[in-house]
Amino acid sequence: MKQVHNPGLARDPDGFLYDPGVRDAMQAFAAGDDTLALETAAAVRSASQAVDRLRSQGAGGRGLSAGALDVLARLSTATDQGLSIGELARAAGVSSRNVTGLVDTLERDGLAQRVQDQHDRRSVRARIAPAGLDWLDNFRQPTQRAMSAVFQGFTEDELARFRDLCLRMVENQQRIEQYLNTARRDEPPTS
């Protein structure tokens with residue numbers, strides 16, 4: 001096992017990185033069963049946290065959560081009429097309640113605003129505010145530099161494959177969630 005830059009990581013006989021501490025914990029948890037999927041989930045979590053830490057630094061202490069940043073980015077590509085909460089929720093794969101809270105935060109910070117739906121007076125849409133566009137402009141370059149640094153040494157093919165693998169995980173999760181939601185609806189009510 002050859003050690004690499006991070007003293008907590010090692011390479012397996014095939015040359016792939018792994019975390020010995022995670023492996024030991026997963027072996028104890030799995031009680032002798034295969035731990036590759038569990039170790040992979042832990043690695044995905046660690047990678048996601050690393051990207052979020054860099055994104056947060058790129059935000060320069062302006063404190064937008066990943067969810068709020070995602071909503072702001074989606075609003076930046078919308079028309080002047082904005083997007084409905086439902087459209088934002090579907091695009092982000094989260095609940096409308098979650099998006100409502102994110103829009104509340106963006107609106108409180110002056111980065112987004114609610115506007116009346118022109119076709120349905122009962123509905124409200126969200127759109128990016130001028131300050132939100134400025135915020136994204138200031139966030140863009142530090143973020144691009146950070147992402148270039150975190151993916152340093154990856155080829156374009158590796159990045160495309162990694163993106164594909166991550167999105168396949170998302171598809172699997174959505175399929176499982178849909179199955180579970182359907183199964184719950186089909187259960188007889190309890191008395």
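From a predicted model like this one, the values you see are computed outputs, not experimental measurements.

Chemist: Got a minute to help me understand the packing of helix α3 (residues 66-76) against helix α4 (residues 85-92) in this structure?
Modeler: Any two packed helices are characterised by the angle at which their axes cross and by the distance between the axes. Packing of α3 against α4 brings their axes to within 11 Å, and their N-to-C directions diverge by 115°. The hand of the α3/α4 crossing is right-handed. When α3 is examined against α4, the residues Asp70, Val71, Arg74 and Leu75 are found in contact with a partner set consisting of Leu88, Ala91 and Ala92. Along the lines of polarity and charge, the residues of the contact of α3 with α4 split into 5 nonpolar, no polar and 2 charged.

Chemist: For this particular structure, what's the right way to read the packing of α3 against helix α6 (residues 130-150)?
Modeler: Contact geometry for α3 and α6: axes closest at 10 Å, N-to-C directions at 110°. As summarised for this structure, α3 and α6 are arranged roughly perpendicular, according to the angle between their axes. Considering the relative orientation of α3 and α6, their crossing is left-handed. Along the contact surface, α3 presents Leu69, Leu72, Ala73 and Ser76, while α6 presents Gly132, Leu133, Trp135, Leu136 and Phe139. Of the residues assigned to the contact of α3 with α6, the class counts are 7 nonpolar, 2 polar and no charged.

Chemist: Could you clarify how one ought to interpret the sheet that holds strand β3 (residues 83-84) in this entry?
Modeler: Sheet strands line up and pair through hydrogen bonds in the backbone, either parallel or antiparallel. Spatially, 3 strands are ordered β3-β5-β4 in an open sheet, and the strand pairing comes out antiparallel. Strand pairing shows two members of the sheet lacking a second neighbour, β3 and β4 (112-116), which therefore form its edges. Pairing analysis gives 2 bridges linking β3 to strand β5 (residues 124-128), with the strands arranged antiparallel. Bridge pairing in β5 places Ser84 opposite Arg125.

Chemist: Any chance you could explain the environment of Ala73 here in plain terms?
Modeler: Take Ala73: it is sitting in helix α3. Once the C-alpha coordinates of Ala73 and Asp34 are considered, the two residues, 39 residues apart in sequence, prove to be 40 Å apart.

Chemist: Would you explain α3 in this entry?
Modeler: A turn of α-helix holds 3.6 residues, and therefore any two residues three or four places apart point the same way. Within the span of α3, buried status applies to Ala68, Leu69, Val71, Leu72 and Leu75. When α3 is viewed along its axis, its buried side chains cluster within an angular range of 160° and face the same direction.

Chemist: Would you mind showing me how to read the pattern of salt bridges here?
Modeler: For side chains bearing opposite charge, pairing can occur when the charged atoms are close. Scanning the entire structure with this criterion turns up 11 salt bridges. Note that Arg125 is salt-bridged to Glu87, the shortest N-O span being 3.2 Å. In this pair, Arg125 is assigned in strand β5 and Glu87 in helix α4, connecting sequence segments 38 residues apart. The exposure class of Arg125 is buried, given its relative accessible area of 15%. Judged by relative accessible area, which is 31%, Glu87 ranks as partly exposed. Of the charged contacts in the structure, one is a salt bridge between Arg161 and Asp157, with a shortest N-O distance of 2.7 Å. On the criterion of helical spacing, the pair formed by Arg161 and Asp157 is a turn pair, its members being 4 residues apart in helix α7 (residues 156-186). Residue Asp157 is classed as partly exposed on the basis of its relative accessible area of 44%. Salt bridges linked by common partners bring Glu87, Asp117 and Arg125 together as one network.

Rules used in this analysis
In every chain, residue numbers begin from 1 and rise along the written sequence. Reporting in this predicted model follows two pLDDT cut-offs: at least 70 for local features of residues, and 80 or more for side-chain atom pairs to be given and counted; totals over whole chains, interfaces and linings ignore these cut-offs and use all residues. The basis for the side-chain values is all heavy atoms of the structure; hydrogens and waters are excluded. An axis is simply a line fitted to the C-alpha atoms; with a helix, the fit covers only the stretch in contact. Between two such axes, the angle follows the N-to-C directions and lies from 0 to 180 degrees. Labels follow the DSSP assignment, with helices taken as runs of H or I lasting at least four residues and strands as runs of E lasting at least two, numbered in each case from the N terminus. Here is the rule for handedness: rotate from the far helix to the near one, and if that takes an anticlockwise turn smaller than a right angle the crossing is left-handed, while a clockwise turn gives right-handed. Note on definitions: a residue-residue contact is assigned when non-hydrogen atoms from the two residues lie within 4.5 Å. Any residue outside Ala, Val, Leu, Ile, Met, Phe, Trp, Tyr, Cys, Pro, Asp, Glu, Lys and Arg is labelled polar, Gly included; the first ten of those are nonpolar and the last four are charged. In what follows, roughly perpendicular refers to angles from 65 to 115 degrees, roughly parallel to angles under 35, roughly antiparallel to angles over 145, and oblique to any angle outside these ranges. When DSSP locates at least two bridges between a pair of strands, those strands are taken to pair. Think of it in three bands: with a 1.4 Å probe and only protein chains considered, a residue is buried below 20% of the maximum accessible area for its type, exposed above 50%, and partly exposed in between. It is the directions from the helix axis to the C-beta atoms that the arc portrays. The rule for a salt bridge is simple: a side-chain nitrogen of Lys or Arg has to be within 4 Å of a carboxyl oxygen of Asp or Glu.

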